[in-house]
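# Secondary and tertiary structure notes
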Amino acid sequence: MPTALILSSFVAASRIGGAAQQYVLAAHKIDPVLAPTSLFGRTPARGGRGEVTRPDVFRRMLGDIEADALFGMIDLIITGHFSDAEQVEIAAGVIERVRTTKRSADWGPRPLVLVDPVLGDAPGGLYVRPEVANAVETLLVPLADWITPNLWELGFLTDRQITTADEARDAARSLGKPALVTSAPARPDEIGLLYVDKEEAVLFAHPAVENPPKGTGDLVTASFGAGLVEGMDPRDAAERTARAAAEIVRAARLWKSAELPIIAMADRLVNPTADVRTEVL
């Protein structure tokens, strides 16, 4: 079974962060190992109260994971929300150690690293401490095989005002990393997911849903990572991810759910049926 290491938040009753990504990966039969950067009962957006994982505890937790010989079995690393700059430094060191750990031939090539730079969003802007944002930008983004920012985060990382899909494409390429950009500009009644690599850029768009549940970006990162681990062509993995996100968000609206119904829709994560509009940029 493929294995993924998730370095992100844990929110027990909300389908956001690393806790949500566990379920997405499990639907794809990828074994998730979550090292939480923070612990909450419910999302802070609804008043949830919790605590940040102290850096010494975070370091010790990851040391225990390494001691169980898991670093040589990891196929995918996902980084997400960090609450402390030292956590980011620890995460960067772990990525380096996982990449240099001797691997059995049975475990295939070196692990893929997906960095979701969870820094902020429109209209509120930055919602992590500036030193955390700086650490993610300087330590994690350079280590990424893929980045999965939202549109605001892409603008923050590139110091650009982005209003069109073409501008988002150019901004992503300026970082020198292939990217999957959430909340990308599309038609007025749509929400877009923008795939960008050195050779092509493709916008996948579907009808927007008013006030969708939080966590779609976390779902997108995990779904796309699953596709890469499964050996899909990255563009095809991005399209499947766009279809899955559209289907899960639509189901949440129909069921009047405050959370993404990841468990109930697990089969549709793997085999989505929603339509998306495809536009080559």
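For the structure itself, consult the block above.
Residues numbered from 1 in each chain as written. Predicted model: local features only at pLDDT ≥ 70, side-chain atom pairs only at ≥ 80, totals over all residues. Heavy atoms only, no water.

Counting its regular elements, the protein contains nine helices and twelve strands. For a compact globule of 281 residues, the expected C-alpha radius of gyration is about 19 Å, and the protein comes in at 17 Å, within 12% of that figure. With the C-alpha coordinates aligned to their principal axes, the bounding extent of the protein is approximately 50 × 45 × 40 Å. For the protein, the residues scored as buried account for 53% of the 281 residues in total. Long-range contacts, defined here as pairs at least 24 residues apart, represent 68% of the contacts in the protein between residues at least 6 apart. Just so you have it, the protein exposes about 12,600 Å², and 50% of that area is on carbon and sulfur atoms. (Helix = DSSP H or I, 4+ residues; strand = E, 2+ residues; numbered from the N terminus. Rg over C-alpha atoms; globule rule 2.2 N^0.38 Å. Buried < 20%, exposed > 50% of the residue type's maximum accessible area, 1.4 Å probe, protein only. Contact = heavy atoms within 4.5 Å. Areas by Shrake-Rupley, 256 points an atom, 1.4 Å probe, with all protein chains shown as cover.)

What follows is about the side chain of E190. With respect to the helices, strands and loops of the structure, E190 is situated in strand β10 (residues 190-196). Overall, the relative accessible area of 14% leaves E190 in the buried class. A distance of 2.7 Å separates a polar atom in the side chain of E190 from a polar atom in the side chain of R277. (Polar contact = N/O pair within 3.5 Å; in protein donor to acceptor, adjacent residues only side chain to side chain.)

Another aspect to go through is the packing of helix α1 (residues 17-27) against helix α7 (residues 216-229). Closest axis-to-axis distance for the α1/α7 pair is 9 Å, and the angle between their directions is 35°. Crossing angle aside, the handedness with which α1 passes α7 is right-handed. Between α1 and α7, the contacting residues are G17, Q21, V24 and L25 on the first element and D218, L219, T221, A222, S223 and A226 on the second. Of the residues that constitute the contact of α1 with α7, the class distribution is five nonpolar, four polar and one charged. (Axes fitted to C-alpha atoms, helices over the stretch in contact; angles between N-to-C directions. Left-handed = near helix turned anticlockwise from the far one by under 90°. Nonpolar A, V, L, I, M, F, W, Y, C, P; charged D, E, K, R; others polar.)

It is worth spelling out the nonpolar core at this point. Core analysis: the largest hydrophobic core is formed by 47 residues, its most contacted members being L5, L7, L62, F82 and L140. Looking at this core, the element that brings in the most residues is helix α3 (residues 85-100), giving eight residues. Setting aside chain neighbours within four positions, we find L62 in contact with L5, L7, A35, F71, I90 and V94. Counting 36 residues, the second-largest nonpolar core is a separate cluster that includes A20, I30, L114 and A238. (Core = buried A, V, L, I, M, F, W, Y, C linked by side-chain atoms within 4.5 Å.)

The end-to-end C-alpha distance of helix α8 (residues 234-254), which contains 21 residues, comes to 30 Å, matching closely the 30 Å that a straight helix rising 1.5 Å per residue would cover. The residue sitting at the N-terminus of α8 and contributing the capping side-chain oxygen is D233; that oxygen lies 3.0 Å from the backbone nitrogen of R235. Note on α8: the residue one or two positions beyond its end, K256, has a positive phi of about 55°. (Expected span 1.5 Å × (residues − 1).)

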